[in-house]
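Topology and contacts: notes
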Amino acid sequence: MLRPYGFGIWELLQAELDRRFKQTGHQNAYFPLLIPESLLAREAEHVEGFMPEVAWVTHGGKEALTERLAIRPTSEVIIGVMYAEWIQSYRDLPILINQWCNVVRWEKATRPFLRTMEFLWQEGHTAHATRDEAAAEAAQMLGVYRDFAENVAAIPVYAGEKSASERFAGALHTYSIEALMPDGKALQAGTSHELGQNFSKAYDITFADTDQQIKHVWTTSWGVSWRMLGALIMLHGDDRGLRLPPRLAPIQVVIVPILKGESAALLDRAREIAAALRGAGVRVKLDDRDNYSPGYKYSDWEMRGVPLRLEIGERDMAASQVMLVRRDKNKGEEGAKVAVAFSELVPSIEAALAAIQDGLYAQAKAFLETHTLATGDPAEFRRLCKERAGMVDIPWCNRPECEAEVKAATSATTRNLRPLAEQGLACVACGEPAVIRAFFAQSY
Ligand SMILES: [Zn+2]
């Protein structure tokens, strides 16, 4: 469930991502919620990976169904079946489609935003004539996610490939962006998969190529869910509540008039300011509730994470100014509260919003950097993993057995991988030759 204010954040996230999808040539479409069991069963690895989480429809009204219907946990299957019909020739390729929808994954232990039985997300599904094109698509969308996370949500991430055991069921390669939360746990905030020809072979998605040969297409899929909202809340929040980056704040500026007795003129002025800001494209709310004190309103909007508060009282009005209060700074901190002349209001607010956006990112980035811990010492490596000290960065052997052993001993797993610059290093976890660098962390 999302109440209107939370849904407002989701809508802004959607708009920002959707614009990036369209800019990279994708279109939106919609596919069915229910998937017949026989279709789901065709890609063996995929069905095995998802089976424990699938919710089933077994009855239509009072009648038992002859075939169970899965409620989509993801849509590779149903979309694959459609693509098999749509794609005949190389002229039909590539297909670049995204779907905004809900999915259901049966979870025993749920956690708001991070692990919920039903969640909102987007899933991109593309089909290409060549492996190279599909690989480029998967890389491109990982880049889109990274850009969104860092420049819109102000969440710094590590982007890289997942290990074999963390890979999406049925994929050749899975890539992710990983953020670090204040409690030292990592959060996977978006994934992009190169599915190879696994799904096109299972669902018979073929095309006649330029050389007249019938070939299987190469597919990708990629997704971001409302988990990103969980990351946003955990990473930027403080003791007073939420702190929203202005680009995802449903209300960027709240105006609180300090009303005393007869204040019609003050309210009029506050309305004028609100209209001027709205005209400049700022998302603004005038809090003219007369049954709450200004102090109550201040903490109410602080808790909701509104980036800027604009206070205006009789004395301010006489001086043709307002007081601007930044949510990202603490009381008494330099720049936390400044007087701004009416004539300078729009540029001052635009500058303050930009500064808050950058400031939240800089704080989160500093946290990630100081909690990214490279080590060459096996005992220290295990201790850091166990203590949830952050992203523990080591040369790694890339062996599932090694990862399983670390997980059993410390609860940490690889988050993602990147190339190893030096040669001849040993895996810090097990001592075998290292072939790659890995971030290990406990995760949500
Ligand atoms: Zn190892």
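For the structure itself, consult the block above.
Everything numeric here is computed off the predicted structure, so don't read it as measured data. (Residues numbered from 1 in each chain as written. Predicted model: local features only at pLDDT ≥ 70, side-chain atom pairs only at ≥ 80, totals over all residues. Heavy atoms only, no water.)

**Some thoughts on the pairing of strand 21 (residues 436-441)**
Most of strand 21 is tucked away: six of the six residues are buried. In this sheet, strand 21 lies alongside strand 20 (residues 413-418) in antiparallel orientation, the contact comprising four bridges. Looking across to strand 21, one finds that Thr414 is bridged to Phe440. (Buried < 20%, exposed > 50% of the residue type's maximum accessible area, 1.4 Å probe, protein only. Helix = DSSP H or I, 4+ residues; strand = E, 2+ residues; numbered from the N terminus. Pairing = 2+ DSSP bridges.)

**Here's the deal with the coordination of the zinc ion**
Taken together, the protein ligands of the zinc ion are Cys397 (SG), Cys402 (SG), Cys427 (SG) and Cys430 (SG), with distances of 2.3 Å. Going along the chain, you hit the donors of the zinc ion in the pattern C-x4-C-x24-C-x2-C. Of this pair, Cys402 sits in helix 13 (residues 400-410) while Cys430 sits in the loop between strand 20 and strand 21; the two residues are 28 residues apart in sequence, bridging distant segments of the chain. Judged by relative accessible area, which is 2%, Cys402 ranks as buried. (Donors = N, O, S within 2.8 Å, 3.2 Å for Na, K, Ca; no water.)

**A closer look at the nonpolar core**
Ranked by size, the top nonpolar core spans 51 residues in total, and within it Ile155, Met228 and Leu248 carry the most contacts. Leaving out residues up to four positions away in the same chain, Ile155 has contacts with Ala149, Glu150, Ala179, Met228, Ala231, Leu232, Leu235, His236 and Tyr361. If you look at the next biggest cluster of nonpolar residues, it comprises 29 residues, including Val47, Tyr83, Ile87 and Phe199. (Core = buried A, V, L, I, M, F, W, Y, C linked by side-chain atoms within 4.5 Å. Contact = heavy atoms within 4.5 Å.)

**Some words on the packing of helix 1 (residues 4-23) against helix 5 (residues 131-151)**
Each pair of packed helices gets described by two things: the angle between the helix axes and the distance between those axes. One way to put it is that helix 1 packs onto helix 5 with a least axis distance of 11 Å and a crossing angle of 145 degrees. Considering the relative orientation of helix 1 and helix 5, their crossing is right-handed. For the pair formed by helix 1 and helix 5, the contact residues are Leu13, Glu16, Leu17, Arg20 and Phe21 on the first element and Met141, Val144, Tyr145, Asp147 and Phe148 on the second. (Axes fitted to C-alpha atoms, helices over the stretch in contact; angles between N-to-C directions. Left-handed = near helix turned anticlockwise from the far one by under 90°.)

**Considerations on the environment of Val282**
Counting through the fold element by element, Val282 comes out in the loop between helix 8 (264-279) and strand 14 (284-286). For Val282 and Gly60, which are 222 residues apart along the polypeptide, the C-alpha to C-alpha distance reads 49 Å. Setting aside chain neighbours within four positions, we find Val282 in contact with Gln252, Val253, Leu277, Ile349 and Leu353.

**Regarding the packing of helix 12 (residues 378-386) against helix 13**
Packing of helix 12 against helix 13 brings their axes to within 9 Å, and their N-to-C directions diverge by 60 degrees. By the angle between their directions, the pair helix 12 and helix 13 is classed as oblique. Considering only the axes of helix 12 and helix 13, their crossing is right-handed. Counted together, Phe381, Arg382, Cys385 and Lys386 of helix 12 and Glu405, Val406, Ala409 and Thr410 of helix 13 form the full contact between these two elements. The class makeup of the residues in the contact of helix 12 with helix 13 is four nonpolar, one polar and three charged. (Parallel < 35°, antiparallel > 145°, perpendicular 65-115°, else oblique. Nonpolar A, V, L, I, M, F, W, Y, C, P; charged D, E, K, R; others polar.)

**Side note on helix 7 (residues 227-236)**
Counting buried positions over the ten residues of helix 7 gives eight, a clear majority of the element. Along helix 7, the positions that sit buried rather than exposed are Arg227, Met228, Leu229, Gly230, Ala231, Leu232, Leu235 and His236. The inward-facing, buried residues of helix 7 abut helix 1, helix 5, strand 8 (173-180), strand 9 (186-196), strand 12 (218-225) and helix 11 (345-370).

**Considerations on the pattern of salt bridges**
This model, assessed by the stated rule, comprises 34 salt bridges. The closest approach of N and O atoms between Glu16 and Arg19, which form a salt bridge, is 2.9 Å. A residue pair is termed a helical-turn pair when its members lie 3 or 4 positions apart in one helix, as Glu16 and Arg19 do in helix 1 at three residues. Judged by its relative accessible area of 16%, Glu16 is buried. Classification of Arg19 as partly exposed rests on a relative accessible area of 43%. Residue Glu272 is joined to Arg269 by a salt bridge in which the shortest nitrogen-to-oxygen separation is 3.2 Å. Of this pair, Glu272 and Arg269 both sit in helix 8, three residues apart, roughly one helical turn. Glu272 sits in the partly exposed class, given a relative accessible area of 46%. (Salt bridge = Lys/Arg side-chain N within 4 Å of Asp/Glu carboxyl O.)

**Brief notes about the sheet that holds strand 15 (residues 308-312)**
If you walk across this open sheet you meet the five strands as 14-13-15-16-17, and the pairing is mixed. In this open sheet, the two strands that pair with only one neighbour each are strand 14 and strand 17 (337-341). Across the sheet, the mean angle from the axis of one strand to that of its neighbour is 25 degrees, orientation sign disregarded. Bridging between strand 13 (residues 253-257) and strand 14 involves three bridges; their strand directions are parallel.

**Details of the sheet that holds strand 2 (residues 34-36)**
Across the sheet, three strands lie side by side as 2-4-3; this open sheet has antiparallel pairing. The open sheet has two edge strands, strand 2 and strand 3 (55-60), and neither has a second partner. Geometrically, the sheet is characterised by an average inter-axis angle of 45 degrees between neighbouring strands, direction not taken into account. Inspection of the sheet shows strand 2 paired to strand 4 (residues 63-71) by three bridges, in the antiparallel sense. Its bridge partner lying in strand 4, Pro36 is registered against Leu69.

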